[in-house]
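Below are the chains, spelled out letter by letter.
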Amino acid sequence: MWWLTYRKFTQPQVVILKAGSLIQAKKIVSMSGLADGMTFQEGHELDAVKAKLVPKEHIAKMMGRRLAEALLRKWERA
């Protein structure tokens, strides 16, 4: 599972999705149109513990800063 960060103007956006590699993850996001008008910033592979803590409803959905930060806090407590 991958955590990809995009930016639209000054606002960061995050999408988490299942993929075999960073390149594949970026391609999936690009083909889905999730990142239209956004600039890719960085991508990180999630370890198994963090991946299990991602709610299913957040997978393959673009998240704003607040939601992404809430997920990061959840990981810190785990």
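Residues numbered from 1 in each chain as written. Predicted model: local features only at pLDDT ≥ 70, side-chain atom pairs only at ≥ 80, totals over all residues. Heavy atoms only, no water.

**Q** Summarise the sheet that holds strand β2 (residues 11-17); cite the residues concerned and give the values.
**A** On the basis of which strands lie adjacent, the open sheet formed by four strands has the order β3-β1-β2-β4 and antiparallel pairing. Of all the strands in the sheet, the pair left with one neighbour each is β3 (39-45) and β4 (62-63). Where helix α1 (residues 22-32) meets the sheet, it contacts β1 (2-8), β2 and β3, and its direction lies at approximately 50° from that of β1. (Pairing = 2+ DSSP bridges. Helix = DSSP H or I, 4+ residues; strand = E, 2+ residues; numbered from the N terminus. Contact = heavy atoms within 4.5 Å. Axes fitted to C-alpha atoms, helices over the stretch in contact; angles between N-to-C directions.)

**Q** So what's going on with the environment of Phe40? Residues and values would help.
**A** Its location among the elements puts Phe40 in strand β3. Judged by relative accessible area, which is 26%, Phe40 ranks as partly exposed. Sequence separation of Phe40 and Ala51 is 11 residues, and the distance between their C-alpha atoms is 21 Å. Here Phe40 is in contact with Leu4, Thr5, Tyr6, Leu22 and Lys26, once residues within four sequence places are set aside. (Buried < 20%, exposed > 50% of the residue type's maximum accessible area, 1.4 Å probe, protein only.)

**Q** Please give an account of the environment of Ala35 that cites residues and values.
**A** Within the secondary structure layout, Ala35 lies in the loop between α1 and β3. Taking relative accessible area as the criterion, Ala35 reaches 13% and is therefore assigned buried. Each C-alpha atom of the pair Ala35 and Thr5 lies 9.8 Å from the other, and the pair is 30 residues apart in sequence. In this view, Ala35 contacts Tyr6, Val29 and Met62; residues no more than four positions away in its chain are not counted.

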